[in-house]
Structure formats: structure tokens, C-alpha cells
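# Examination of the molecular architecture
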Amino acid sequence: MSRAPSASKSRPMSAKPDASTKPRIHVIYYSMYGHVSTLAKQIVKGVESAGAEAHLIQIPETLSKEVLAKMHAPEKDHSITTISFGAGGENTITLEDALVNCDGILFGYPTRFGGMPAQAKALWDATGGLWMKGALVGKPFGVFISTGTQGGGQETTILTSLTNFVHHGMVFVPVGYSSPLQANMDELHGGSAYGAGTFAGGDGSRQPSQLELKVAEHQGSHFAQIATALKIGRAALPPKEANPPDPKQDDAAKKSDRPPSAKK
């Protein structure tokens, strides 16, 4: 019988970043009823506990106020920065700033029939320009989730959303089973090896449990440590040449270095 990973094995590194290597992590989420928002705030705690800088950012709503009223959706928290696809407004951030100007991103969203909701998909459908520039290549990301029921898409929602990140060349950082809490069999809880999660219940009345919140905090810390390691490692790499060498010149130089017998 396999055992859950011990807590001592759940830490990729112990050192916290200094000012020069402190990563900036964006926690970008969409939440209709508040469950994902609650997880996002807990993930921020985990990111900050690992010594990284965390910024909470909302994905904008695409549904009308009339539709939201019929769905009994509460008002969004206007104190949290929201992505703007057009002209910026009060407490907004551009899509490029949200996705590019950071060292890693943790995305959170609820499921819609086993996949990401239209609000989150609209964000990725607007990233064609960033894809053309390769602006997100190599950027680490993780995902956390909320579903109504146990079989409602805790894993499929993340799996089916990976195509968006893969096409951008981003680096997926799953939480795995890096925390023994994920193997807890004593109580019902969301989340998987792909990312933290919660169950909202069919009517949305269930709120994230303490166990789910602890796993979310762990994911934030786990992700921040890996993002820190990537930032430190990349800073240690030799700088890229401003003008790549001409392959033709290289080939000519190699030929001139050959012994006389090899030039025949």
C-alpha cells in the first residue's frame, strides 16, 4: 500500500528569495459565487509565506447584469484589480500587464460542463498578439478549481484548459501530492494532483472547508518556491547574444579550420 508523501518531502527548497530574486506572482481568477475568490485569497497567503510578491487580479465578467441577477450572483469585489480588454478604468490592468509582467501565474476558475467558463476562455481568445510575440513562453503557471459536485470536473476542467497554456509554451506546475493533506480520506474535499479545489454544492451553499483552504495555501507556497528557483536559475544563465552569429559565416570558419587533407 502506498503512503502519502511526508511533509518533509513537500518542500522543493527552503531558502527564501532576496530582493533581487523575489518573484512577482499574479493570482488571476474568475468567480461567480465567491468560492474561487476564497481559494484565490488563500493561495495569495501561500505565495507570500514563501517570500514571493502576490497580486490578486479578477477576470472581467461577460454576462449582463440582468442575467447575473437571474442567477442570483453576488456583486464582484470592486476593490480587487480587474483585467480590462479595452480602455482602462479605475482599478484595472491591461491584459498584457496581467499576463506578461510577472514571473508566474496561478489561474482559478469554476467549471462549466467539465471545462473552463466562457469568461476565462474569452481571456485566452484575446491573447493572439501575445502568442505571435512568444510573450508567455517559459512562464510557469498553475490552476485551481471549483465544481458543484465530486464528479463535476475537478480534473477535466484543468486538463481541457491546458491547450491554451501549451500553445503559449508555458510551463505547467501541478501541485502533485506534495502535501499529505491531499491524501486525506477522513473527509470530503476537492482538489487533485492538478491543483487545489473545492466543492460548491448543487446550490452553491457549500463553502471551502478548512482542509481545502490549507491545500490552496500550500499550492501557493509550492508554486512560489518553484517560480523562485526558475527566476534564480534563469538569472544565472549567460546573457543571450544581441546579434546571433551568421550560420554561413560559422560554416566558412569551420572549413578554414580544417587540416589541408580535409579540404580536398
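Residues numbered from 1 in each chain as written. Predicted model: local features only at pLDDT ≥ 70, side-chain atom pairs only at ≥ 80, totals over all residues. Heavy atoms only, no water.

Here we take up the overall build of the chain. Along its length, the chain carries eight helices and eight strands. Counting across all 264 residues of the chain, residues that qualify as buried make up 42%. (Helix = DSSP H or I, 4+ residues; strand = E, 2+ residues; numbered from the N terminus. Buried < 20%, exposed > 50% of the residue type's maximum accessible area, 1.4 Å probe, protein only.)

A contiguous nonpolar surface patch, about 290 Å² in accessible area, is contributed by Tyr33, Leu63, Val67 and Met71. Relative to the helices and strands, Val67 resides in helix α2 (residues 65-70). When its relative accessible area of 34% is taken as the criterion, Val67 is described as partly exposed. (Patch = residues over 30% accessible without salt bridge, like charges linked within 9 Å, V, L, I, M, F, W, Y side chains within 5 Å. Areas by Shrake-Rupley, 256 points an atom, 1.4 Å probe, with all protein chains shown as cover. Salt bridge = Lys/Arg side-chain N within 4 Å of Asp/Glu carboxyl O.)

On to the packing of aromatic side chains, then. The final tally for this structure, using the stated rule, is five aromatic pairs. Every member of this aromatic cluster is reached through a ring pair, and the members are Phe107, Trp124, Phe141, Phe165 and Phe172. (Phe/Tyr/Trp six-rings, centres within 6.5 Å; stacked < 30°, edge-to-face > 60°.)

For the rest of this paragraph, the subject is helix α6 (residues 156-167). Within α6 the residues assigned to the buried category are Thr157, Ile158, Ser161, Leu162, Asn164 and Phe165. End-on view of α6: buried residues confined to an arc of 160°, all on one side of the axis. Away from its buried face by more than 90 degrees, α6 exposes Val166 and His167. In the core, the buried residues of α6 are packed alongside β5 (104-110), α4 (118-125), β6 (140-147) and β7 (171-172). Positive phi shows up at Gly169, right after α6, with a value of about 75°. (Arc of directions from axis to C-beta. Contact = heavy atoms within 4.5 Å.)

Positioned with a positive phi, His72 is a non-glycine residue whose angle comes to about 60°. Within the secondary structure, His72 is located in the loop between α2 and β3 (81-84). The backbone phi angle of Phe113 is positive, close to 55°, even though this residue is not glycine. Residue position: Phe113 is located in the loop between β5 and α4.

We now examine the environment of Leu162. Looking at where Leu162 falls in the secondary structure, it is placed in helix α6. With relative accessibility at 15%, the residue Leu162 sits in the buried group. Sequence separation between Leu162 and Val143 is 19 residues, and the spatial gap between their C-alpha atoms is 9.4 Å.

So, about the pattern of salt bridges. Pairing is possible between side chains that carry opposite charge, provided their charged atoms lie close to one another. Scanning all chains against the criterion turns up six salt bridges. A salt bridge links Arg24 to Glu53; its shortest N-O distance comes to 3.2 Å. Placement of Arg24 in strand β1 (residues 24-29) and of Glu53 in strand β2 (residues 53-58) is noted, with a sequence separation of 29 residues between them. Using a relative accessible area of 29% as the deciding quantity, one classes Arg24 as partly exposed. On the accessibility criterion, Glu53 (30% relative accessible area) is partly exposed. The salt bridge partner of Asp103 is Lys231, with a shortest N-O separation of 3.2 Å. With Asp103 in the loop between α3 (95-100) and β5 and Lys231 in helix α7 (residues 210-236), this residue pair connects regions lying 128 residues apart in the sequence. What makes Asp103 partly exposed here is its relative accessible area of 23%.

Below, the discussion takes up the layout of surface pockets. Its boundaries defined by the atoms lining it, the largest pocket holds a volume of some 430 Å³. The wall of the largest pocket is formed by 22 residues, among which Glu61, Leu68, Glu75, Lys76 and His78 lie closest to the centre. Every element with two or more residues in the lining of the largest pocket is listed here: α2 and β3. For the lining of the largest pocket, the residue count by class is nine nonpolar, seven polar and six charged. Of the volumes computed, that of the second largest pocket is approximately 260 Å³. Around the second largest pocket, the lining is made up of 16 residues, and of these Tyr33, Pro110, Arg112, Gly148 and Ala200 lie nearest the centre. Of all the elements in the fold, those that place two or more residues in the lining of the second largest pocket are α1 (35-49) and β6. Split into classes, the residues belonging to the lining of the second largest pocket amount to five nonpolar, nine polar and two charged. (1 Å grid on protein atoms, 1.4 Å probe; cavity = no way out; pocket = protein on both sides within 12 Å on 5 of 7 lines; lining within 4 Å. Points joined across faces, edges and corners; volume = space filled by probe spheres on them. Nonpolar A, V, L, I, M, F, W, Y, C, P; charged D, E, K, R; others polar.)

This prediction gives the chain a mean pLDDT of 88; 84% of its residues lie at or above 70. In this model, residues 1-12 is a region of pLDDT below 50 whose contacts with residues beyond four sequence positions or in other chains number 14 contacts. (pLDDT = per-residue confidence, 0-100.)

Our focus in this paragraph is the pairing of β5. Regular strands place side chains that alternate from one sheet face to the opposite one. Counting buried residues in β5 gives seven out of seven residues, a clear majority hidden from the surface. In β5, alternate side chains face the same way, and those of Gly104, Leu106, Gly108 and Pro110 on one face and Ile105, Phe107 and Tyr109 on the other are all buried. Pairing analysis gives five bridges linking β1 to β5, with the strands arranged parallel. Looking at the pairing, Ile28 lines up with Phe107 of β5. Here six bridges tie β5 to β6, and the two strands are oriented parallel to one another. When the sheet's bridge partners are listed, Ile105 is paired in β6 with Phe141. (Pairing = 2+ DSSP bridges.)

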